[in-house]
Amino acid sequence: MSVLRPFRATDLFKFNNINLDIWTETYGISFYLNYLSRWPDLCCVQEAPSGRLMGYVLGKAEGSGLEWHGHVTALSVAPEYRRLSLGRKMMGLLEFVSDEVYKGFFVDLYVRCANKVAIKMYEGLGYSVYRRVREYYGSLGLGPGGRDEEDAFDMRKPLSRDPQRRSVRANGRDIVVSANEVS
Amino acid sequence: AALERQIRPIYDALDTGSNKSAIVSCNKLLKKQPNNDLLKALKALALVRSQKVEESLMLCDEVLAHRPMDDATLSAMSHVLRGLGRHTDVVKMFEEAFKAQPFNEEYGAQTFFANARIGNWKAAQLVATKMHKQFQEDRYIYWYVIAVMLQANDPATPENMKGLLHKLAHSKLMTSPTPAYVMPDRLYLHLTVLRELGMFDDAQKVLDHETGRNMYNASLVVDELRRELWRLSGRWTQERELAEHRITEKKDRNWLEFLSVLDATFSSVTSSSPVDEDSRAECLERITQARELFNRVAEEDGVKDRSGLLALIELEKRSRHHDFCQDSSELLSLMQKYWHQFGEKMCFFEDIQPYLDLDSDTLSKWTTFLDSVQPSYDTEPNLRRTINWYKTRRYTIPEAQITAELESERASEYTKAYLTGLPLGKSLPETELQPADDLALLAAHAFISSWTAGGGEAQLYNAAVVLEYGLGRSKQSYHMRLLLIQIYRLLGAPSLALEHYRLLHVKQVQNDTLSHLVLARASTFSLAATGDLTYPSECLESSHIYMSNSHETSDFIVRAFTQEKYSQVRFIPDLIALEERLDNSLQRDLVKLEHVRMRITHEPVNSELIDMELIELKFNFDRYHYDNRDIKVFSNYQPRGQKSTFEQTLLFKNLPGSGWLFAFLKIYIRALQHASDVDETVEAKLLIGDRPKQSHEPEIQRPLKERLAHRKQEELDQLTPSELAFYDFATVLGEWLEPHHDHIRPPPSAVLAEASKQTEAKTGRPLQGIDISADLPTNGHAKKDEEAPPVKDAPASIAGFFDDMLARFKQLVEGGALPPELLHVAALTQEALILFTIETLRFKPASIVKIHKLGALVASCKTIRTKAADVLKEMSAELTKISEKEGTQERRKAFVELCKPVQATGQIDHDFVLDVAKRVTDSRKKVLEGVAKGILKVTSVHA
């Protein structure tokens with residue numbers, strides 16, 4: 001059981017149990033404030049009844065014309081609250097708002113090509129690889145991951161405004177672009 | 001146009017941070033056009049950005065005196081003034097520009113924003129009114145309403161004003177020709193106003209409208225407000241029906257919906273008292289309904305979601321609380337079911353913990369049940385179940401069974417369990433956490449509990465070893481790291497604590513919430529006196545966040561007004577809360593004070609240091625503090641009723657809080673004030689920029705002198721016995737010397753004349769706005785009419801302090817105390833000597849001694865100094881001796897010997913333990929040796 005509620009600016013004081021995890025980056029204050037001020041309904045947290053934060057998602061709406069879509073900037077769950085479908089629930093909310101409120105054509109997100117667990121989860125949620133973005137991430141310096149470590153998959157899922165599924169393609173894994181070609 | 005072309009590069013230079021070249025370009029152009037205000041403003045901006053405050057200040061005042069009216073100059077000036085911290089002057093400047101050009105909408109908006117930046121909502125509201133009259137734009141109504149609402153929110157606004165302000169906001173909203181509910185962006189603001197006024201029926205009308213309904217169904221932000229409104233107005237039936245609908249039809253598993261059903265179920269017995277029979281009957285019926293609903297959900301979801309089953313448990317708990325059922329068997333069977341279904345979820349223990357406060361009969365049944373399920377380690381889910389088994393079982397250990405021996409035995413048992421479970425995660429990549437981690441943590445927690453119960457430092461060694469071993473296997477386990485930081489500080493191995501802290505990669509806002517881990521009472525371990533500035537730099541680095549905060553958040557507040565969105569109404573107060581909490585962070589001022597304590601050990605104590613720190617500490621003294629430190633990030637697996645692991649591992653068993661801060665602020669402000677020539681009149685003249693917002697507590701209004709002298713119990717409670725002795729020392733010392741300081745301190749006019757002379761030497765012009773009266777005596781010392789105060793004998797307790805501290809120190813050494821205890825006493829003794837220097841600096845020049853006949857006073861000071869030097873030298877020698885022992889092989893051997901419990905199974909081997917032993921003893925040796933050296937250095941400088 002978890003409370004799903006909007007992300008508040010003062011949550012920055014209590015997200016350490018989530019952000020001390022190495023996969024989660026801590027940005028400057030203005031990064032969060034920018035999201036909270038512009039897309040408040042695409043930013044939410046999951047909270048345990050004890051008041052402890054369990055995870056959060058930060059998203060935005062962007063693109064023009066047929067590229068108008070919801071974007072998942074950060075999705076993170078504290079280690080002790082994994083395997084509870086929290087990520088799934090927050091993605092569900094973000095898709096719902098991108099669809100209902102922003103009327104986007106699709107939702108997309110970036111994930112390290114090496115992060116197999118996450119990719120599998122997103123595929124399970126209906127996402128597919130649209131393209132591979134070269135050197136999107138800084139190296140974690142982990143060694144053997146190689147390209148998969150630094151490259152990202154841009155994964156997409158069409159929304160109700162795109163019944164023809166024009167925003168996705170089958171051979172996405174083969175389409176490679178460089179990081180400066182994407183926003 | 002020609003000028004424009006010439007000015008362009010200056011802007012470019014400013015944008016790219018090339019302040020030097022901007023200044024050069026400005027100077028060139030200023031030669032041709034010496035009266036151009038824009039050029040002066042730009043130069044002032046480049047100057048302030050290059051930290052040349054005095055020069056910038058001069059130019060800035062010149063431009064301001066001309067009352068600039070053009071966009072470019074105003075904009076440049078607003079940056080200059082903000083850079084100088086003169087926010088009120090920005091308001092004034094735009095106010096005047098707007099007054100002169102009342103049709104200039106931009107100037108109106110800028111005046112509004114300037115007020116918004118400093119939280120001056122009352123003035124902002126007036127500007128908005130003016131703007132609405134002048135420009136007839138709907139949005140200024142909303143600016144007005146938000147400003148009024150924020151004024152009402154301000155803690156400084158008296159209670160009886162608040163209602164009035166809310167009514168004002170409401171009537172203004174009603175003047176808007178377009179009703180709020182047709183504009184989604186304004187609906188939220190409207191609802192907020194109605195909530196404050198308790199106009200729930202009107203609010204309901206807005207919510208019932210189609211726009212309203214769509215909005216609360218699609219936005220968590222609006223839904224939050226809707227839920228609050230319904231709860232406040234007692235619309236429980238509606239609340240319950242909506243929640244049920246969402247749970248059953250939409251499959252919503254937000255726990256908020258379950259809470260709504262639960263709260264609505266018991267609303268008839270919680271909302272009225274005494275409770276009549278009808279209400280009870282109604283409630284009973286609702287309980288049955290809720291049970292049916294939750295049962296259905298629990299069955300439908302199975303192991304997929306915990307909400308249904310947990311809601312049933314909560315329902316049972318509340319039913320018992322309201323005497324609807326006496327029998328605990330249902331609760332027990334639900335909890336057992338929960339164990340079976342969700343026992344392998346990592347959060348099982350956290351989920352079930354609130355329900356474990358059972359009566360002894362039920363508890364023993366629960367324990368019997370748990371004991372009947374045997375832990376196993378064959379799969380990862382089973383391992384997680386085992387971990388939950390241990391955590392849950394541990395939580396209800398009765399107090400009588402918490403002894404040093406039993407806890408140590410349990411720790412060994414957990415260690416064994418950990419090592420048994422460890423192989424399951426063998427193939428995981430290094431970036432993953434190990435599934436058995438929590439067992440290592442449990443072991444460490446139990447060792448710590450054993451230490452608390454009197455088990456000796458060996459328990460802490462074992463805890464450190466088991467955690468180091470765990471971290472070796474699970475490199476990203478920040479829970480282990482956090483605990484190691486605490487333990488290493490307790491053991492007096494600060495360099496290891498700092499090493500682990502750095503590996504946490506704390507950055508940005510985390511500096512505010514986590515730096516307390518290494519910076520609380522950091523002066524105890526500081527080697528600054530020997531030139532090692534590790535801790536002082538850590539203080540400065542962790543404080544950067546506060547600078548960027550004030551810059552960034554106010555920009556967002558202004559931006560929030562320019563993008564009119566419904567959510568901004570919620571966002572602005574949220575933003576203000578964030579800014580307030582960071583600006584007035586307790587940790588910020590704790591770090592500041594800790595920095596001062598270290599700074600004076602390695603920098604010469606002179607008037608510049610004294611004046612600067614005095615002004616800053618006084619600001620902190622006027623603040624209302626917010627404690628943002630994140631304590632909850634620590635895991636806690638101690639049995640119920642015991643202190644948490646975090647509390648048990650606190651250095652000196654106490655976390656410095658606002659009481660500690662105020663006690664130390666009083667010590668330092670009083671001493672610095674004595675030493676400084678800057679009294680309140682001088683400070684008012686010399687201060688650049690606005691004063692920080694003061695606390696609204698009535699106490700602030702009392703004279704500073706009274707506030708400094710007033711001792712509060714809650715402050716004393718946060719001091720260790722040695723700190724309390726230091727406080728007493730400082731008080732007696734201050735009382736003894738104060739009359740002489742007050743008599744000798746030059747009058748404000750003389751101090752200002754001197755300051756002006758110095759500014760002139762620096763910038764070529766005297767200080768502005770300071771009237772140097774002609775009747776100053778030329779020798780710089782104003783004659784005072786009153787008699788010089790008689791020199792009294794030094795109170796015995798001043799020298800006595802040093803004797804007492806030495807006795808305390810020796811006692812600790814003999815008792816085999818841990819190094820931090822010794823360092824604490826030594827560091828405070830050293831601090832007392834430096835404080836003594838601050839208090840007696842004024843009496844140093846021979847001329848002063850002669851004029852004021854202070855011979856006897858100086859002589860007694862000398863005696864005290866000699867006493868302090870003797871004591872400190874003895875402490876230093878003793879610390880050196882101990883440090884030498886720490887570095888020996890015997891010490892390491894003893895450490896390893898004491899760590900037998902964790903080596904029992906042989907998996908954690910001798911070499912591993914020896915390595916930890918080496919690092920701990922080396923770190924101790926280094927800090928003991930360094931502090932000992934530092935003390936000698938300080939003694940040679942100050943005595």
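Residue indices begin from 1 for each chain and proceed along its sequence in written order. Note on labels: chains are lettered from A, ligands numbered from 1, in written order. Reporting in this predicted model follows two pLDDT cut-offs: at least 70 for local features of residues, and 80 or more for side-chain atom pairs to be given and counted; totals over whole chains, interfaces and linings ignore these cut-offs and use all residues. The side-chain numbers reported here are obtained from all heavy atoms of the structure, hydrogens and water having been left aside.

- Named according to an unreviewed UniProt entry, chain B is Actin cytoskeleton organization protein originating from Gloeophyllum trabeum.
- UniProt positions are given in the numbering used here, feature names are shortened, and annotations may be inferred rather than shown by experiment. Word for word, the UniProt comment on chain B under Sequence similarities (unreviewed entry) is "Belongs to the MDM20/NAA25 family."

- Looking at an unreviewed UniProt entry, one finds chain A named N-acetyltransferase and attributed to Gloeophyllum trabeum.

1. What to know about the overall build of chain A
Right, on to step 1. Put simply, DSSP H or I for four residues or longer makes a helix, DSSP E for two residues or longer makes a strand, and each gets a number counted from the N terminus. A tally of regular secondary structure across chain A gives five helices and eight strands.
Right, on to step 2. What you see in chain A, going N to C, is helices and strands ordered as β-α-α-β-β-β-α-β-α-β-α-β-β.
Right, on to step 3. Relative to the 2.2 N^0.38 estimate, which gives 16 Å for 183 residues, the radius of gyration of chain A is 16 Å and therefore close to what a compact globule would have.
Right, on to step 4. Taking the principal axes of its C-alpha atoms as reference, chain A extends roughly 45 × 40 × 30 Å.
Right, on to step 5. Scored against the burial criterion, the 183 residues of chain A give a buried share of 60%.
Right, on to step 6. Only heavy atoms matter for contacts: two residues are in contact if any of them lie within 4.5 Å across the pair. Once local pairs closer than 6 in sequence are excluded, the contacts in chain A between residues at least 24 apart make up 65%.
Right, on to step 7. Only the protein chains shown count as cover for residues, with accessible areas throughout obtained via the Shrake-Rupley method and a probe of 1.4 Å. Accessible surface, chain A as shown: approximately 7,400 Å² in total, 48% of it carbon and sulfur.
Right, on to step 8. Here Asp and Glu are counted as negative and Lys and Arg as positive; His is not counted, and neither are the chain ends. Note on charges: their place is set at NZ of Lys, CZ of Arg, CG of Asp or CD of Glu. Distance between charge centres in chain A, computed from 25 positive and 22 negative side chains, equals 3 Å. Each radius of gyration is computed over the set of C-alpha atoms, and the globule rule expresses the reference value as 2.2 Å times the number of residues to the power 0.38. Any residue under 20% of the maximum accessible area for its type is buried, any over 50% is exposed, and the rest in between are partly exposed; the area is computed with a 1.4 Å probe on protein chains only.

2. Thoughts on the nonpolar core
Right, on to step 1. Counting residues in hydrophobic clusters, the biggest one holds 192 residues, and the most contacted among them are B:Phe294, B:Tyr488, B:Phe726, B:Phe729 and B:Leu879.
Right, on to step 2. When residues in this core are grouped by element, the largest group, 12 residues, is from helix H36 (residues 658-675) of chain B.
Right, on to step 3. Among all residues touching B:Tyr488, those that are not within four sequence positions of it are B:Ala464, B:Glu468, B:Ala493, B:Pro494, B:Leu496, B:Ala497, B:His500, B:Val916 and B:Val920.
Right, on to step 4. Nine residue types can take part in a nonpolar core, namely buried Ala, Val, Leu, Ile, Met, Phe, Trp, Tyr and Cys, and a core is a set of them joined through side-chain atoms within 4.5 Å. One finds A:Val129, B:Leu47, B:Val63 and B:Val91 within the second-largest nonpolar core, a separate group that totals 145 residues.

3. Topic: the pattern of salt bridges
Right, on to step 1. When a carboxyl oxygen of Asp or Glu lies within 4 Å of a side-chain nitrogen of Lys or Arg, that pair is called a salt bridge. Following the criterion strictly, the structure yields 87 salt bridges over all chains and no others.
Right, on to step 2. Among the ionic pairs, A:Arg5 bridges to A:Glu47, the shortest N-O distance being 2.9 Å. Residue A:Arg5 is located in strand S1 (residues 3-6), and its partner A:Glu47 is located in strand S2 (residues 43-47); the two are separated by 42 residues in the primary sequence. Each member of the pair, A:Arg5 together with A:Glu47, is buried.
Right, on to step 3. The salt bridge involving B:Arg521 is made with B:Glu723; its shortest N-O contact spans 2.7 Å. Residue B:Arg521 is found in the loop between helix H30 (516-519) and helix H31 (534-562), and its partner B:Glu723 is found in helix H40 (residues 721-744); the two are separated by 202 residues along the sequence.
Right, on to step 4. Look at B:Arg521 and you get buried, because its relative accessible area is 3%.
Right, on to step 5. Overlapping salt bridges bring together B:Asp223, B:Arg226, B:Arg227, B:Glu239, B:Arg246 and B:Glu257 as one network.

4. Some words on the side chain of B:Ser883
All names here are of chain B.
Right, on to step 1. Counting through the fold element by element, Ser883 comes out in helix H45 (residues 855-886).
Right, on to step 2. Owing to a relative accessible area of 1%, Ser883 belongs among the buried residues under this scheme.
Right, on to step 3. Those residues in contact with Ser883 that lie beyond four places of it in its chain are Lys925, Leu928 and Glu929.

5. Brief notes about the interface of chain A and chain B
Right, on to step 1. Taken residue by residue, the interface counts 52 residues in chain A and 60 residues in chain B.
Right, on to step 2. Buried area: the accessible area, evaluated with a 1.4 Å probe, that two parts lose upon being put together, summed over both parts. When the area that chain A buries against chain B is broken down by residue, the three leading residues are A:Met1, A:Phe13 and A:Leu20, summing to 19%.
Right, on to step 3. Inspection of the chain A/chain B interface yields four salt bridges.
Right, on to step 4. With its nearest N and O atoms 2.9 Å apart, the salt bridge here joins A:Arg8 to B:Glu224.
Right, on to step 5. Pairs of N or O atoms within 3.5 Å make up the polar contacts considered here, provided that, within protein, one atom can donate a hydrogen while the other can accept it, and that residues adjacent in sequence are counted only when both atoms are side-chain atoms. Summed over the shared surface of chain A and chain B, the number is 18 residue pairs in polar contact (both at pLDDT 80 or more).

6. Some points on the sheet that holds S2(A)
Residue and element names in this part refer to chain A.
Right, on to step 1. Sheet architecture is open: eight strands sit in the order S1-S2-S3-S4-S5-S7-S6-S8, paired in mixed fashion. Unpaired on one side and paired on the other, S1 and strand S8 (176-178) mark the two borders of the sheet. Going from strand to strand, the sheet's axes swing by 30° on average, the running direction of each strand aside.
Right, on to step 2. Where strand S6 (residues 128-134) meets strand S7 (residues 152-158), five bridges bridge the pair, whose relative direction is antiparallel. Between any two strands, pairing holds if DSSP finds at least two bridges. Whenever a helix is involved, its axis is fitted only over the stretch in contact; in every case the axis is a line through C-alpha atoms, and angles between N-to-C directions fall within 0 to 180 degrees.

7. Quick word on the confidence of the model for chain A
Fine structural detail should not be taken from predicted coordinates in areas where pLDDT scores are low.
Right, on to step 1. With 95% of its residues at a pLDDT of 70 or more, chain A shows a mean pLDDT of 91.
Right, on to step 2. Taking the mean pLDDT of every element in chain A, the minimum, 78, falls on helix H5 (residues 147-150) of chain A and the maximum, 97, on strand S3 (residues 53-62) of chain A. You can read pLDDT as the predictor saying how much it trusts each residue, on a scale of 0 to 100.

8. So, the domain arrangement of chain B
Residue and element names in this part refer to chain B.
Right, on to step 1. Source of the domain bounds: an automatic or database domain assignment. Assigned domains within chain B: domain 1 (2-171), domain 2 (397-505), domain 3 (507-707) and domain 4 (720-734 + 786-943).
Right, on to step 2. Around 2,100 Å² of area is buried between domain 2 and domain 4 when both sides are counted, 69% of it from carbon and sulfur atoms.
Right, on to step 3. The interface formed by domain 2 and domain 4 holds one salt bridge in total.
Right, on to step 4. For the interface between domain 2 and domain 4, the tally reads five residue pairs in polar contact (both at pLDDT 80 or more).
Right, on to step 5. Those elements that place two or more of their residues in the side of domain 2 that touches domain 4 are helix H24 (404-421), helix H25 (437-455), helix H26 (458-473), helix H27 (478-491) and helix H28 (494-503).
Right, on to step 6. Classification used: nonpolar for Ala, Val, Leu, Ile, Met, Phe, Trp, Tyr, Cys and Pro, charged for Asp, Glu, Lys and Arg, polar for all others including Gly. Split by residue class, the side of domain 2 that touches domain 4 holds 15 nonpolar, five polar and four charged.

9. Quick look at the confidence of the model for chain B
All names here are of chain B.
Right, on to step 1. Looking at chain B as a whole, the pLDDT averages 93, with 97% of positions reaching at least 70.
Right, on to step 2. In this model, residues 774-780 is a region of pLDDT below 50 whose contacts with residues beyond four sequence positions or in other chains number five contacts.
Right, on to step 3. Scoring of the predicted complex yields 0.94 for pTM and 0.93 for ipTM.

10. Looking at the packing of aromatic side chains
Right, on to step 1. For Phe, Tyr and Trp, rings pair up if their centres lie within 6.5 Å, where Trp contributes its six-membered ring, and each pair is then called stacked (planes under 30 degrees apart), edge-to-face (over 60) or tilted (otherwise). In this structure the tally under the stated criterion is 40 aromatic pairs over all chains.
Right, on to step 2. Consider the rings of A:Phe7 and A:Tyr56, whose centres lie 5.4 Å apart with planes at 75°: the pair is edge-to-face. Taken together, the positions of A:Phe7 in the loop between S1 and helix H1 (16-19) and A:Tyr56 in strand S3 put the pair 49 residues apart, joining distant regions of the chain.
Right, on to step 3. Of the residues examined, A:Phe7 reaches a relative accessible area of 2% and is grouped as buried.
Right, on to step 4. Ring centres 6.1 Å apart and planes at 70° place the aromatic pair B:Tyr216 and B:Trp230 in the edge-to-face group. In this pair, B:Tyr216 is assigned in helix H13 (residues 210-218) and B:Trp230 in helix H14 (residues 220-232), connecting sequence segments 14 residues apart.
Right, on to step 5. Overall, the relative accessible area of 3% leaves B:Trp230 in the buried class.
Right, on to step 6. Clustering of aromatic rings is evident, with ring pairs tying together A:Phe7, A:Phe15, A:Tyr27, A:Phe31, A:Tyr32, A:Tyr35, A:Trp39 and A:Tyr56.
Right, on to step 7. Working rule: Lys NZ or Arg CZ, within 6 Å of ring centre, within 35 degrees of ring normal, means a charge sits over the ring. The positively charged end of A:Arg169 is found above the aromatic ring belonging to A:Tyr130, 3.6 Å away from the centroid.
Right, on to step 8. The residue whose ring lies beneath B:Arg385 is B:Trp339, and the NZ or CZ to ring-centre distance is 5.3 Å.

11. Brief notes about the domain arrangement of chain A
Residue and element names in this part refer to chain A.
Right, on to step 1. The assigned domain composition of chain A is domain 1 (1-104) and domain 2 (112-183).
Right, on to step 2. For domain 1 versus domain 2, the distance between C-alpha centres works out to 19 Å.
Right, on to step 3. When domain 1 packs against domain 2, close to 1,200 Å² is buried across both sides, 57% of that on carbon and sulfur atoms.
Right, on to step 4. Counting the surface domain 1 buries against domain 2, the share from its top three residues, Trp23, Arg88 and Glu95, is 39%.
Right, on to step 5. There are two salt bridges connecting domain 1 and domain 2.
Right, on to step 6. Of the charged contacts, one joins Glu67 and Arg156 as a salt bridge, the two residues approaching to 3.6 Å between their closest N and O atoms.

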